[in-house]
Amino acid sequence: GINDGKLDLNGVRMNLMEGEMKLAGSYANTPEKMPDVNMTIDMISFDIPTAFQSLGLVRNYLPIAAQSKGRFSTTLNLKGQLDENMKLNLASLNGSGLFQSFNVQILNSPVFNKIKSVLNEEKLRDMRIDDFTANFSIENGNLVLRPFETRLAGQQAVFAGQLSAQNLISMQIGFLISRDALSKSVENTIGILPGQQNIKFIPVGVMINGPVGDPDVKVDLSDARDLVKQEVRNASKEELQKTINKLGDGLRKLLK
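(A) Spotlight on the overall build of the chain. Each helix and strand counted, the chain has 6 helices and 13 strands in total. Of all 256 residues assigned to the chain, the portion counted as buried reaches 41%. Of the contacts formed within the chain by residues at least 6 apart in sequence, a portion of 53% connects residues at least 24 apart. Here the chain displays about 14500 Å² of accessible surface, and carbon together with sulfur accounts for 54% of that area.

What follows is the structure in structure tokens.
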């Protein structure tokens, strides 16, 4: 109810988008006609594409949702202001939340399309993300994602990053890609040779920066190169040892 010009929204429940939404919080007008809001939003098992079409918050903070299938749940605690059109003023938002994904598949996304250079064709057909739970905070409208671990197209990955209120993304992904999932171009760049059987997983870093619609993507292969160099060093030590052993055998025979 309303008390002292403050509206309490407690226990509002709605079923929509095949999911359930619960709202609690308060709304109070200010002399500048920029009402203060303080709310907790629970969204349970929402369909991703539908939520993207219908909810501005999802469009802003989950841009890959435009080209994804699957469902998500989120709990969001938010404080902020509404503008004169009663829309959330993104730059005023502060809060924190939890995001859970279910059966998410990325069909087509400017961000993920650029990651394709590190995976081979076969793995790219199915860009599924294993279910994950991610914690995030919102600081003056900027979404800050705490590092979380999942698998993308079957490959281990740790994600962390930020998305600004102006839709600029800055994300880091640390992949551990199994040898058979690497793209040929990465194999060639780091100089993996067919004989290097000991190398089962390759660490690959991906940095994504810029506007969500067309970000700049850099692939960092320095750890991968170090691994290959190390393997080459170990291999040559083994070869050397074999040669020494052979020489030793020869010498022993001679001295007999």
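From this point, the narrative continues.
(B) Main features of the confidence of the model for the chain. The predicted model of the chain has a mean per-residue pLDDT of 82, with 84% of residues at 70 or higher. The secondary structure element of the chain with the lowest average pLDDT is strand E1 (residues 2-3), at 51, and the one with the highest is strand E8 (residues 133-139), at 94.

(C) Up close: the environment of Gly80. With respect to the secondary-structure elements, Gly80 resides in strand E5 (residues 68-81). Note: C-alpha distance between Gly80 and Asp36 (44 residues apart in sequence) is 5.9 Å. Excluding its chain neighbours within four sequence positions, the residues that come into contact with Gly80 are Pro35, Asp36, Val37, Ser92 and Leu93.

(D) Just the packing of aromatic side chains, in detail. Under the criterion given, the structure shown has 5 aromatic pairs. An angle of 10° between the planes, with centres 5.4 Å apart, marks the rings of Phe72 and Phe99 as stacked. With Phe72 in strand E5 and Phe99 in strand E6 (residues 94-106), the pair connects residues that are 27 residues apart, well separated along the chain. Judged by relative accessible area, Phe72 falls into the buried class, the value being 2%. An aromatic cluster is defined as three or more aromatic residues linked by ring pairs; in this entry it consists of Phe46, Phe72, Phe99, Phe132, Phe148 and Phe159.

(E) Looking closely at the pattern of salt bridges. For the structure on display, the rule yields 1 salt bridge. For Lys218, the salt bridge goes to Asp216, with nearest N and O atoms at 2.9 Å. A relative accessible area of 41% places Asp216 in the partly exposed class.

Definitions and limits used
- Along each chain, residues carry numbers from 1 onward, in the same order as the chain's sequence is written.
- Selection of residues for local features in this predicted model requires a pLDDT of at least 70, selection of side-chain atom pairs for listing and counting requires 80 or more, and totals for whole chains, interfaces and linings are taken over all residues.
- With hydrogens and water set aside, each side-chain value is computed from the structure's full complement of heavy atoms.
- Numbering of helices and strands starts at the N terminus; helices are DSSP runs of H or I of at least 4 residues and strands are runs of E of at least 2.
- Each residue gets one of three labels from its accessible area relative to the maximum for its type: buried under 20%, exposed over 50%, partly exposed in between, using a 1.4 Å probe on protein chains only.
- Note on contacts: a residue pair qualifies if any of its non-hydrogen atoms lie within 4.5 Å across the two residues.
- Accessibility throughout is a Shrake-Rupley quantity obtained with a 1.4 Å probe, and a residue counts as covered only by protein chains that appear here.
- Values of pLDDT, the confidence the predictor places in each residue, fall between 0 and 100.
- Pairing of aromatic rings covers Phe, Tyr and Trp, the last counted by its six-membered ring, and requires centre-to-centre distances within 6.5 Å; plane angles under 30 degrees mean stacked, over 60 mean edge-to-face, and any other angle means tilted.
- A carboxyl oxygen of Asp or Glu within 4 Å of a side-chain nitrogen of Lys or Arg is what we treat as a salt bridge.

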